[in-house]
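Fold and contact review
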Amino acid sequence: MDLKKEAQENFITKIINEDNNTGKWGKRVHTRFPPEPNGYLHIGHAKSICLNFGIAKKYNGKCNLRFDDTNPLKEEVEYVESIIDDVKWLGFKWDGKPLYASDYFDKMFDYAVELIKQGNAYVCDLSSDEVRNQRGTLTKPGIESPFRNRSVSENLELFSRMRAGKFQDGEKTLRAKIDVQHSNLNMRDPVMYRILHAEHHRTGNTWCIYPMYDWAHGLEDSIENITHSICTLEFEDHRPLYDWYLNCLNAYHPQQIEFARLNLNYTIMSKRKLKRLVDEGHVDDWSDPRMPTISGLRRRGYTPESIKNFSDAIGVTKRDAIVDVAKLENSLREDLNKKAPRVMGVLEPIKVIITNYPDNEIEYLDAKNNPEDESAGKRKLAFSKEIFIDKNDFMEDPPKKFFRLSPGKEVRLKFAYYIVCENVIKDGNGEITEIHCSYDPNTKGGMSEDGRKVRGTLHWVSAQECIKAEVRLYDRLFMSDNPENNGDFIDDLNPESLSVIKKAKLEASLSTASTKTIYQFERTGYFIIDSKDSSVDNLIFNRAVSLRDSWARLNR
RNA sequence: UGGGGCGUCGUCUAAUGGUAGGACACCUGGUUUUGGUCCAGGCAGUUGGGGUUCGAGUCCCUACGCCCCAGCCA
């Protein structure tokens, strides 16, 4: 995809275009990406990141990275660090330093005092159970708290004692005084502050009261002079509250806009559930290559470009949608096809002996590094009497359309020679141990001068000059397209999501493979060195995605 | 059954009231030293019913379907 291409228009850019026309924000565009540091970012966050940072870029505006760290019980430094890494890796730059909601705790407190003075907030002694019981239901209105009509001075006094740590957790809350009968439950005197004697990863023990999301978020946006506060659909019901707070305070008032979060089939996207996969050991960790986390995708071999292109391709709307994970895979293949260096890698080696090739001879043949990119150049490939090919490239008794090697058939060894299969050697169990072939010396380089054609072209490595490696093949983590559909998603885990090949044979050049480049193993797929477990003594490659395989499709 | 949203090919997404288009997936064929890529083509859609209009995916009414909300989570 053309990287200079402007991101596609969507309903949000239409709003912004209109705002720029009317001069609503003085042609200023300032967004923010506001993750809570309570887990690792996933591909759904990537959509939001691309949206927010993408819009800022498109309109020459700004985008803040802001941690919404208002709940010390769930948040950790490990998460903020991983989030910073992930956003950087995706290639986005935020305006200034990373920001934190916790930096505004003082201001928020002052604003709360302001609200109390207006008579728009009160300290409530009800327990959480009592509040729940009095809130009413979807169809029944709530009833007012007996503490709703405390005087301003009493509220002020109690609120400052809350802050001073005079009360236990849950003993009191500060609530907005709105309307307990409101049809929108969020407006039924929502809690603004709760008491939490917990250590915060940034403010330590400075605070024992912490602001709730609805109270905090609009203030954060307001303080940062955000113009368009983009969030997901489930916050639509919260917008009246977002607006109510900012209106009461007569503060700078950004516009909240909601869009549909990303869903992928065969994938779960909830941080809570992903955390469970990690905690219960169903996967390595947050960066397991089977995880939909950004760090998982990175370790798997996804590129930032592929993720950005994917994000662009799926669009932005308000409809709940489930995107086919094949579309993500397509974005990766599309990107890698252009830039991945080609190499030879035999996953399930079976030995081929070229009977008429001289013993102990090694020749070095030219191989193109990338047919899609001439500038990638060529390399030398060792060829010898004994080579390995992939098990599934040979069939003793093949079906009609099998173009690969079988008794009596001639195929091309890519960049090397044509060979014909003459004999098959088996062990006592009937397992094939060697395939004997003869080669045609006049087909050096893989082309016959007499114009004779072969249907099959195989990848191979020299048995003399090759290296051994572990290869990890990944399949989808879940068996059904909607793992959360019925029952516990853990029961839907795919037992074959990872298959490990211990003794793959790779071309020798891979002994110095770069940990950053993603290689195409010819005819197989795209692979990257595993950033966590691979070492010089024990090379490990992860398969990012297989090549499209119309032969396999034909056999389904 | 309160409130807030949303309904366009299998999937995702476009269409100032004016030929329903693109991508993914799938299927054909061609090219090919990757059964890859690329190229050409095909399949396939406006939730239903009324209305307004010369003309409706778009406007109106109505029915139906789906999603979200009863945390001192975000």
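Residues numbered from 1 in each chain as written. Chains lettered and ligands numbered in written order. Predicted model: local features only at pLDDT ≥ 70, side-chain atom pairs only at ≥ 80, totals over all residues. Heavy atoms only, no water.

**Here's the deal with the packing of helix α2 (residues 43–58) against helix α11 (residues 304–314)**
Packing of α2 against α11 brings their axes to within 9 Å, and their N-to-C directions diverge by 75°. Taken together, the axes of α2 and α11 lie roughly perpendicular to each other. Counting all contacts with α2, which are made through I43, A46, K47 and C50, the residues of α11 involved are I307, K308, F310, S311 and I314. Of the residues belonging to the contact of α2 with α11, the class tally is six nonpolar, one polar and two charged. (Axes fitted to C-alpha atoms, helices over the stretch in contact; angles between N-to-C directions. Helix = DSSP H or I, 4+ residues; strand = E, 2+ residues; numbered from the N terminus. Parallel < 35°, antiparallel > 145°, perpendicular 65-115°, else oblique. Contact = heavy atoms within 4.5 Å. Nonpolar A, V, L, I, M, F, W, Y, C, P; charged D, E, K, R; others polar.)

**Some thoughts on the state of the cysteines**
Scanning all chains against the criterion turns up zero disulfides. The thiol of C124 is not disulfide-bonded; the next cysteine sulfur, from C208, is found 17 Å away. Its relative accessible area of 0% is what places C124 among the buried residues. Among the cysteines around C437, which has no disulfide bond, C421 carries the closest sulfur, lying 4.9 Å off. Of the residues examined, C437 reaches a relative accessible area of 0% and is grouped as buried. (Disulfide = S-S within 2.5 Å. Buried < 20%, exposed > 50% of the residue type's maximum accessible area, 1.4 Å probe, protein only.)

**Here's the deal with the sheet that holds strand β1 (residues 30–33)**
Within a sheet, each strand pairs with its neighbour through backbone hydrogen bonds, oriented either parallel or antiparallel. Read from one edge to the other, the open sheet built from three strands follows the order β1-β2-β3, with strand pairing classed as parallel. Edge positions in the sheet fall to β1 and β3 (99–100), since each of these pairs with one other strand and no more. Seen against the sheet, α2 touches β1 and β2 (62–67) and runs at an angle of roughly 160° to β1. Each of β1, β2 and β3 touches helix α3 (residues 77–90); the most contacted strand, β2, lies at about 160° to it. (Pairing = 2+ DSSP bridges.)

**Structural notes on a negative patch on the surface**
On the surface, E76, E78, E81 and D85 cluster together into a negatively charged patch. By secondary structure assignment, the location of E78 is in helix α3. Its relative accessible area of 38% is what places E78 among the partly exposed residues. (Patch = residues over 30% accessible without salt bridge, like charges linked within 9 Å, V, L, I, M, F, W, Y side chains within 5 Å. Areas by Shrake-Rupley, 256 points an atom, 1.4 Å probe, with all protein chains shown as cover. Salt bridge = Lys/Arg side-chain N within 4 Å of Asp/Glu carboxyl O. Lys, Arg positive; Asp, Glu negative; His and termini not counted. Charge placed at Lys NZ, Arg CZ, Asp CG, Glu CD.)

**Some remarks on the packing of aromatic side chains**
Enumeration over the complete set of coordinates arrives at 24 aromatic pairs. When the centroid spacing of 5.9 Å and the interplanar angle of 80° are considered together, the rings of F105 and W207 count as edge-to-face. Placement of F105 in helix α4 (residues 105–117) and of W207 in the loop between β6 (191–195) and β7 (209–211) is noted, with a sequence separation of 102 residues between them. Of the residues examined, W207 reaches a relative accessible area of 6% and is grouped as buried. Pairing F521 with F527 gives two aromatic rings, centres 4.0 Å apart and planes at 15°, and the pair type is stacked. Here F521 matches F527 in class, with each residue buried. Here the aromatic residues F105, F109, F159, Y193, W207 and Y210 are joined through ring pairs into a cluster of three or more. Directly above the ring of F92 sits K308, whose terminal nitrogen or CZ lies 5.2 Å from the centroid. Sitting over the face of the ring of Y266, R476 holds its NZ or CZ atom 3.7 Å from the ring centroid. (Phe/Tyr/Trp six-rings, centres within 6.5 Å; stacked < 30°, edge-to-face > 60°. Lys NZ or Arg CZ within 6 Å of the ring centre and 35° of its normal.)

Any functional reading would require information beyond the geometric quantities listed.
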